[in-house]
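Fold and contact review
Spelled out from the first residue to the last, the chains are:
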Amino acid sequence: QDHAGEICDSVKGFDVIDCQHCGFKHLLPIPSPEALEQVYRHEYYSVEKPLYLERYREDLPWWNQVYDERYDLFEDLLAEEGQRILDVGSGPGYFLLRGKERGWQTLGIEPSAQSAAHSREMGLEIVEEFLGPQTAPQLGAFDVVHLSQVLEHIPDPKGLLDVVHDLLRADGLVCVVVPNDYNPFQIALRDTCGFEPWWVAPPHHINFFDFDSLTDLMTRSGFEVVRRDTTFPIDLFLLMGENYVGNDELGRSCHARRKALEMNLERAGMRSLKQKLYQAMADLGLGREVVLIGRKTG
């Protein structure tokens, strides 16, 4: 493939280009599938994210609130009960566990041995593999496929979405969550506040999406985007002078404030207000993540 486009940043021997061929920003050179396989099967949680599980458990009441909101949306958008969901890159399994508690049929596909083992300890069914044309046929059909923090990591996101399209029943849903990188707040921090582009982290993040480029990619893979959403714009803290980049303690403190905001609004019965606020941010290209739900067409 002829990858070409304007260079946005150069970090650790990699360029980020705004690729005219792919329609989204990505690294050049693109890391090989072999190099990534070693990282995600064996190193990602032990080497890259050693505190991940401990933090996740600490945050679980907040995560379950996030997950309940997501499952409520799926249930509103689907025609019937008794749904089957596949979580791609299911990690420690808490998203699937929440679905199972709500009566969903759940399956995870996860290459990390540590994560798969943790999920199975909670009684979840996990296929310890990468999702691709070879592994997909054994999985069956689904009403929803959930892809959270996946597409930024893989060399061929279009290919993966094509596989997902084939796994879904007619009118099935895909939910894609990716970092909203190169958003206006990050650009302000890089261009006028002296920040390096900290969100460029080769080789782990290969692709960089915004709302429009991800919508375009999903449309080309046979999905109609039925909901655009985002998550709290954590970069606001950086603009307000709280520099958590590389400062774990401050980062956790900022995250705790974000959790408090969302859980207090939920307790006040204002989930709908918060959703409208975040959807308005998404319309402005803001928020830490791009969260899109697409319905299978064709």
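The text that follows walks through the structure, step by step, so that each part is easy to find.

The rules behind these values
Residues numbered from 1 in each chain as written. Predicted model: local features only at pLDDT ≥ 70, side-chain atom pairs only at ≥ 80, totals over all residues. Heavy atoms only, no water. Helix = DSSP H or I, 4+ residues; strand = E, 2+ residues; numbered from the N terminus. Rg over C-alpha atoms; globule rule 2.2 N^0.38 Å. Buried < 20%, exposed > 50% of the residue type's maximum accessible area, 1.4 Å probe, protein only. Areas by Shrake-Rupley, 256 points an atom, 1.4 Å probe, with all protein chains shown as cover. Lys, Arg positive; Asp, Glu negative; His and termini not counted. Charge placed at Lys NZ, Arg CZ, Asp CG, Glu CD. Pairing = 2+ DSSP bridges. Contact = heavy atoms within 4.5 Å. Axes fitted to C-alpha atoms, helices over the stretch in contact; angles between N-to-C directions. Core = buried A, V, L, I, M, F, W, Y, C linked by side-chain atoms within 4.5 Å. Parallel < 35°, antiparallel > 145°, perpendicular 65-115°, else oblique. Nonpolar A, V, L, I, M, F, W, Y, C, P; charged D, E, K, R; others polar.

In this section: the overall build of the protein. In terms of helices and strands, the protein carries eleven helices and eleven strands. Taken over the C-alpha trace, the protein has a radius of gyration of 19 Å; the compact-globule value for 298 residues is 19 Å, and the two agree within 12%. With respect to the principal axes defined by its C-alpha atoms, the protein has extents near 50 × 50 × 35 Å. Within the span of the protein, comprising 298 residues, buried residues form 52% of the whole. For the protein, the accessible surface area stands at approximately 13,500 Å², while carbon and sulfur atoms represent 52% of it. Distance between charge centroids for the protein: 5 Å, based on 29 positive and 48 negative side chains.

Reading across from one edge, E6-E5-E4-E7-E8-E11-E10 is the order of the seven strands in this open sheet, with mixed pairing throughout. Two strands lie at the open edges of the sheet, namely strand E6 (126–127) and strand E10 (223–230), each paired on one side alone. Here two bridges tie strand E5 (residues 105–109) to E6, and the two strands are oriented parallel to one another. Residue pairing in the sheet places Gly-108 in a bridge with Ile-126 of E6. Along the sheet face, helix H4 (residues 94–101) touches strand E4 (84–88), E5, E6 and strand E7 (142–148) and points at about 170 degrees away from the line of E5.

Here we take up the environment of Leu-261. By secondary structure assignment, the location of Leu-261 is in helix H10 (residues 248–267). Counting along the chain gives 13 residues from Leu-261 to Lys-274, while the straight-line C-alpha distance between them is 9.6 Å. Sequence-distant contacts of Leu-261, defined by excluding residues within four places in its chain, comprise Phe-232 and Tyr-278.

Moving on to the environment of Leu-214. Relative to the helices and strands, Leu-214 is located in helix H8 (residues 211–220). Residue Leu-214 is classed as buried on the basis of its relative accessible area of 0%. Sequence separation between Leu-214 and Asn-180 is 34 residues, and the spatial gap between their C-alpha atoms is 9.9 Å. Leaving out residues up to four positions away in the same chain, Leu-214 has contacts with Leu-151, Val-176, Val-178, Phe-209, Val-290 and Leu-292.

Grouped together as the largest cluster of nonpolar side chains are 35 residues, with contacts concentrated most on Leu-86, Leu-131, Leu-139, Leu-147, Leu-151, Val-176 and Leu-214. Elements with a contribution of two residues or more to this core: strand E2 (14–19), E4, E5, E7, helix H6 (157–167), strand E8 (168–179), H8 and strand E11 (289–296). The greatest single-element share of this core, amounting to five residues, is contributed by H6.

What follows concerns the sheet that holds strand E3 (residues 25–28). As summarised here, the arrangement of the four strands in space is E1-E2-E3-E9, forming an open sheet in which the pairing is antiparallel. Of all strands in the sheet, those with a lone pairing partner are strand E1 (5–11) and strand E9 (207–208), marking the two edges. Pairing geometry for E2 and E3, over four bridges, is antiparallel. Paired with Ile-17 across the strands is His-26, a residue of E3.

Close contact between helix H3 (residues 60–77) and helix H11 (residues 271–283) brings their axes to 13 Å; oriented N to C, the two are set at 85 degrees. On the basis of their axis angle, the class for H3 and H11 is roughly perpendicular. Contacts between H3 and H11 involve Asp-68, Glu-69 and Asp-72 from the former and Arg-271, Lys-274 and Gln-275 from the latter. A breakdown of the residues in the contact of H3 with H11 according to their chemical character gives no nonpolar, one polar and five charged.

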